[in-house]
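Analysis of the macromolecular model
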Amino acid sequence: MLGIGGEEYAARQAAMGRLAARAGFRGVVAWSRGGSAQDHYADVYYLTGFYQHQPFIPDFPGHWRARGHAAVVLPVDDPPLTEHPAVLLTDSRDLQEPRPAARVQVAPDLVDALAEEIRESIRPGRVALIGYEAMAAPWWCRLRSVLPGHELVCADDLAWEARRIKSPAELDLLRASGALGVRAVSAAREAAVPGATEADVAAAAIAEIVRAGGAYSGMGISSGAESYTFAASGPTPYSADRRLAEGDLIRIDLYGSVRGYLFDLARTWVVGGEPTTEQRRLLEAVRESVLAGIELLRPGRRFGEVARRCQQVFERSAFAVHHGLPWSETDGLWGHGLGLSLEPPWITEGGPDADGLIEAGMCLALERRIAMHSVGGASHEEDVIVTDSGPEVITRDP
């Protein structure tokens with residue numbers, strides 16, 4: 001059965017403690033948001049296997065604070081001040097099996113409970129805060145005011161480092177997730193017939209994900225005269241009114257997960273017929289440039305090399321030769337790390353990760369999206385596991 005066992009969670013907590021101690025921290029606080037959103041959940045989930053489904057609710061003084069969030073407190077001193085070092089703070093009173101890999105403390109006021117747990121279990125000094133982007137400013141200020149001896153330091157780089165190389169169990173989950181993503185996009189393609197709406201196409205993809213027990217995260221979908229855009233500007237990324245016509249371009253960037261581990265893939269095709277010459281040039285430009293980069297996803301290569309190769313192939317494409325180089329909708333990015341989130345390393349010719357080495361056990365998503373009003377827009381994205389023998393594409397079409 002796919003999943004992460006208790007021994008692996010214990011090893012993750014120990015490894016995080018070692019990383020934090022080497023960086024001079026007294027302890028780690030992981031903070032995550034829930035509400036069934038598929039972002040900002042990774043830090044608590046990675047350490048304990050707990051996901052908070054309660055949606056965000058504005059603070060109600062005297063009753064609750066930070067509803068829809070969860071925190072983990074992990075001291076790194078040896079020996080720790082408490083018998084059970086990893087403590088999960090949540091406002092969820094009743095939890096289903098499997099239980100989180102931590103001592104659970106239920107607290108309606110998550111911020112004050114977190115302050116008390118830090119005070120009791122972590123010696124005064126620097127404390128690493130991972131997941132800080134999900135912590136609202138009033139809660140941050142409250143913690144600082146009541147913990148004068150503890151300095152909360154933004155330390156997401158510790159989380160990125162810990163999650164950079166995936167375990168065998170994580171890789172199996174990513175393979176299952178990639179396969180589900182492919183089935184979902186295939187269902188979307190079957191639904192994309194003349195007369196169908198973008199909403200019909202989206203519904204087919206989402207249904208496939210949910211039936212398999214996966215979690216739908218989100219999508220960008222556009223078609224026809226709007227295909228050069230990423231998605232509609234409103235809360236729903238698809239239109240229930242726009243009907244597909246034969247010859248329309250339709251592009252979909254779809255993301256979801258299996259047990260928290262993401263798939264992130266994009267495809268573009270022509271509805272009900274063969275592409276025109278211009279459409280074919282557009283489709284081939286994004287696809288061939290991404291596939292060229294995948295060939296270089298091998299241990300010992302550098303991320304900048306991969307981005308350079310992708311760019312070279314794109315610049316030689318028939319589309320670029322005829323139309324020049326349109327502005328990239330991914331702003332020079334050719335890919336990113338993938339796991340419990342969209343994460344580093346970032347695959348670009350410049351930037352902090354360009355000289356970084358590719359390693360076996362990484363999972364990476366390579367992508368490109370381009371758009372031109374007169375032709376339309378196209379996306380192509382693949383998820384790839386790096387192995388000692390080369391790239392393993394886990395979103396390969398049947």
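Look a little higher up for the structure.
Throughout what follows, the structure given in this document is the object of discussion. This structure is a prediction, so every number in the text was calculated from the model and none was measured.

Conventions and cut-offs
Residues numbered from 1 in each chain as written. Predicted model: local features only at pLDDT ≥ 70, side-chain atom pairs only at ≥ 80, totals over all residues. Heavy atoms only, no water. Helix = DSSP H or I, 4+ residues; strand = E, 2+ residues; numbered from the N terminus. Rg over C-alpha atoms; globule rule 2.2 N^0.38 Å. Buried < 20%, exposed > 50% of the residue type's maximum accessible area, 1.4 Å probe, protein only. Contact = heavy atoms within 4.5 Å. Areas by Shrake-Rupley, 256 points an atom, 1.4 Å probe, with all protein chains shown as cover. Lys, Arg positive; Asp, Glu negative; His and termini not counted. Charge placed at Lys NZ, Arg CZ, Asp CG, Glu CD. Pairing = 2+ DSSP bridges. Axes fitted to C-alpha atoms, helices over the stretch in contact; angles between N-to-C directions. Polar contact = N/O pair within 3.5 Å; in protein donor to acceptor, adjacent residues only side chain to side chain. Parallel < 35°, antiparallel > 145°, perpendicular 65-115°, else oblique. Left-handed = near helix turned anticlockwise from the far one by under 90°. Salt bridge = Lys/Arg side-chain N within 4 Å of Asp/Glu carboxyl O.

**Some remarks on the overall build of the chain**
When you go through the chain residue by residue, the secondary structure sums to 10 helices and 14 strands. The C-alpha radius of gyration computed for the chain amounts to 23 Å, which stays within 12% of the reference 21 Å derived for 398 residues, consistent with globular compactness. Here the C-alpha coordinates of the chain stretch approximately 70 × 45 × 40 Å along the principal axes. Evaluated residue by residue, the chain yields a buried proportion of 54% over its 398 residues. Here the contacts in the chain between residues at least 6 apart in sequence split such that 69% fall between residues at least 24 apart. Accessible surface computed for the chain: about 17300 Å², of which carbon and sulfur atoms make up 51%. Taken together, the 39 basic and 54 acidic charged side chains of the chain have centroids lying 2 Å from each other.

**Observations concerning the environment of Pro352**
Looking at the element boundaries, Pro352 is found in the loop between strand S11 (342-346) and strand S12 (363-372). Sequence separation of Pro352 and Val201 is 151 residues, and the distance between their C-alpha atoms is 38 Å.

**Here we look at the sheet that holds strand S3 (residues 87-90)**
Strands sit in the order S4-S3-S2-S1-S5-S6 across an open sheet of six strands; the sheet is mixed. Across the chains shown, the open sheet's two edge strands, defined by having one partner strand only, are strand S4 (103-106) and strand S6 (150-154). Neighbour-to-neighbour, the strand axes of the sheet open up by a mean angle of 25°, direction not taken into account. Packing against the sheet, helix H1 (residues 6-22) makes contact with strand S1 (27-33), strand S2 (69-75) and strand S5 (125-130), and its axis sits at approximately 65° to S2. Sheet strands in contact with helix H5 (residues 156-163) are S5 and S6, and its direction is about 60° off that of S5.

**Describing the side chain of His150**
Summarising the element assignment, His150 is placed in strand S6. The class for His150 is buried, based on a relative accessible area of 11%. Only 2.7 Å separates the side chain of His150 from the backbone oxygen of Ile122, close enough to count as a polar contact. Those residues in contact with His150 that sit more than four places away from it in its chain are Ile118, Arg119, Ile122, Arg123, Pro124, Gly125 and Val127.

**Some remarks on the packing of helix H8 (residues 277-294) against helix H9 (residues 303-315)**
As a packed pair, H8 and H9 sit with axes 8 Å apart at the nearest point and diverge in direction by 150°. Judged by the inter-axis angle, H8 sits roughly antiparallel to H9. Between H8 and H9 lies a crossing whose hand is right-handed. In this structure, H8 contributes Ala285, Glu288, Ser289, Ala292 and Gly293 to the contact, and H9 contributes Val306, Arg309, Cys310, Val313 and Phe314.

**Side note on the pattern of salt bridges**
Applying the stated criterion across every chain yields a total of 24 salt bridges. Between Glu8 and Arg12 there is a salt bridge, and its shortest N-O distance comes to 3.1 Å. Of the two residues, Glu8 and Arg12 both sit in helix H1, four residues apart, roughly one turn of that helix. Where Arg103 meets Glu117, a salt bridge forms, and the shortest distance between an N and an O atom there is 3.9 Å. Here Glu117 lies in helix H3 (residues 110-121) and Arg103 lies in strand S4, a separation of 14 residues in the sequence. On the accessibility criterion, Arg103 (33% relative accessible area) is partly exposed.

**Structural notes on the environment of Val201**
Relative to the helices and strands, Val201 resides in helix H7 (residues 198-211). For Val201, a relative accessible area of 0% translates into the label buried. Note: C-alpha distance between Val201 and Arg189 (12 residues apart in sequence) is 7.2 Å. Beyond its immediate sequence surroundings of up to four residues, Val201 is in contact with Ala188, Ala191, Ala192, Ile221, Leu244 and Ile250.

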